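Here's the letter readout for the chains.
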Amino acid sequence: SKSNFPSVSIGAFNTLIFNFFNFLIFLLLNLLKKKMVQWFFEVLIISDIAGTIKFLSNIILLGECLYKPWILQVNLGLSFKKIGENEKAIGFYKKVIQIDPKSVLAYSNLGIIFQELGEKQKAISYFQKIVQINPNYESAYNNLGVVFNELGEDQKAISSYQKALKLEPSSINAQANISSIYISQ
């Protein structure tokens, strides 16, 4: 017996399903609050980097997102960094800074990338920019300490870690980092 439904190839069916799920995800994004959206993107990024990049790029291009558009740029930067495409990640973080010149998240991610690339002075400048924007951002001081330590500038590293600990006395990273300098001396 012949079916009344038109035949659909597996590839077309998969595309249809993928687009349907993208649509559902988009609807969810519009329903979730700020923190939930950040959590959702973190889960999405961990599970499927390539799909995340495609999905977030489509949202940006369509201008459909009701959430802050720079958050999508940051998540694209994180996705590209995770797959080793640092130049693309840097480009997205710089776009974020154009949209929001006070985005400590973008400056922090740029600092981390340049630190990992061995461009320590660039990393320092990005972490120092964070401190100018928000002098109470503990992680920026800790990251400065790490870079200064890598450069062999122990006093600057210690000073940075002490500032981090003054802001967040329970910071395990800053405690461990400053301890390692004292132990090695």
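To keep things clear, this report deals only with the structure shown in the data block.

Thresholds, definitions, all that
- Residues numbered from 1 in each chain as written.
- Predicted model: local features only at pLDDT ≥ 70, side-chain atom pairs only at ≥ 80, totals over all residues.
- Heavy atoms only, no water.
- Helix = DSSP H or I, 4+ residues; strand = E, 2+ residues; numbered from the N terminus.
- Buried < 20%, exposed > 50% of the residue type's maximum accessible area, 1.4 Å probe, protein only.
- Contact = heavy atoms within 4.5 Å.
- Areas by Shrake-Rupley, 256 points an atom, 1.4 Å probe, with all protein chains shown as cover.
- Core = buried A, V, L, I, M, F, W, Y, C linked by side-chain atoms within 4.5 Å.
- Axes fitted to C-alpha atoms, helices over the stretch in contact; angles between N-to-C directions.
- Parallel < 35°, antiparallel > 145°, perpendicular 65-115°, else oblique.
- Left-handed = near helix turned anticlockwise from the far one by under 90°.
- Nonpolar A, V, L, I, M, F, W, Y, C, P; charged D, E, K, R; others polar.
- Salt bridge = Lys/Arg side-chain N within 4 Å of Asp/Glu carboxyl O.
- Expected span 1.5 Å × (residues − 1).
- Arc of directions from axis to C-beta.
- Phe/Tyr/Trp six-rings, centres within 6.5 Å; stacked < 30°, edge-to-face > 60°.
- Lys NZ or Arg CZ within 6 Å of the ring centre and 35° of its normal.

Moving on, we get to the overall build of the protein. Tallying secondary structure elements over the protein gives 10 helices and 0 strands in all. Going through the 185 residues of the protein one by one, you find that 39% of them count as buried. Long-range contacts, defined as pairs at least 24 residues apart, comprise 44% of the intrachain contacts of the protein with a sequence gap of at least 6. Only carbon and sulfur atoms are counted for the fraction: they give 59% of the accessible area of the protein, which is about 11,200 Å².

Membership of the largest hydrophobic core comes to 34 residues, with the highest contact counts inside it found for Y93, L110, F114, F127, I130 and L144. Among the elements of the structure, α4 (69-82), α5 (86-99), α6 (104-116), α7 (120-133), α8 (138-150), α9 (154-167) and α10 (172-184) are those that each provide at least two residues to this core.

At a closest axis distance of 9 Å, the pairing of α7 and α8 adopts a crossing angle of 160°. If you check the angle between α7 and α8, you find them roughly antiparallel. Seen along the crossing, α7 lies across α8 with a hand that is left-handed. Contact residues: α7 offers K120, A123, I124, F127, Q128, I130 and V131, while α8 offers A140, Y141, N143, L144, V147, F148 and E150. Partitioning the contact of α7 with α8 into residue classes produces 10 nonpolar, 2 polar and 2 charged.

Attention now goes to the pattern of salt bridges. The full count for this structure, using the stated rule, is 5 salt bridges. For the salt bridge of K81 with E116, the shortest nitrogen-to-oxygen distance reads 2.9 Å. A residue pair is termed long-range when its members are at least 10 positions apart, and K81 in helix α4 and E116 in helix α6 qualify at 35 residues. Of the residues examined, E116 reaches a relative accessible area of 54% and is grouped as exposed.

Bringing α5 into the picture now. The terminal C-alpha atoms of α5, which comprises 14 residues, lie 20 Å apart, in line with the 20 Å expected from a rise of 1.5 Å per residue. Regarding α5, the residues found buried are N86, A89, I90, F92, Y93, V96 and I97. Angular distribution of buried residues about the axis of α5 spans 165°; they occupy a single face of the element. Turned more than 90 degrees away from the buried face of α5, the exposed residues are E87 and Q98.

Checked against the element boundaries, Q185 lands in the segment after α10. In the structure, Q185 is positioned 31 residues away from D154 in sequence and 9.3 Å away in space, judged by C-alpha atoms. Setting aside its immediate chain neighbours within four residues, Q185 contacts D154, Q155 and I158.

A separate point is α8. Relative to the 18 Å expected for 13 residues at 1.5 Å per residue, α8 spans 19 Å between its end C-alpha atoms, a close match to the ideal helical length. Listing the buried residues of α8 in full gives E138, A140, Y141, N142, N143, L144, G145, V147 and F148. The secondary structure elements touched by the buried residues of α8 are α6, α7, α9 and α10. Looking at the residues trailing α8, positive phi occurs at G152, about 80°.

With that out of the way, let us pick up the side chain of Q115. Assignment of secondary structure puts Q115 in helix α6. Of the residues examined, Q115 reaches a relative accessible area of 13% and is grouped as buried. Residues in contact with Q115, not counting those within four places in the same chain, are K120, A123, F127, V146, V147 and E150.

Moving on: the packing of aromatic side chains. Evaluated as defined, the whole model comprises 3 aromatic pairs. Between F80 and F92, the ring centres sit 5.6 Å apart and the planes meet at 10°, which makes this aromatic pair stacked. With F80 in helix α4 and F92 in helix α5, this residue pair connects regions lying 12 residues apart in the sequence. In this pair, the class of F80 matches that of F92, namely buried. Through successive ring pairs, a cluster of aromatic residues spans Y107, F114 and Y126. Residue placement shows K95 over the ring face of F92; its charged tip is 4.8 Å from the ring centre.

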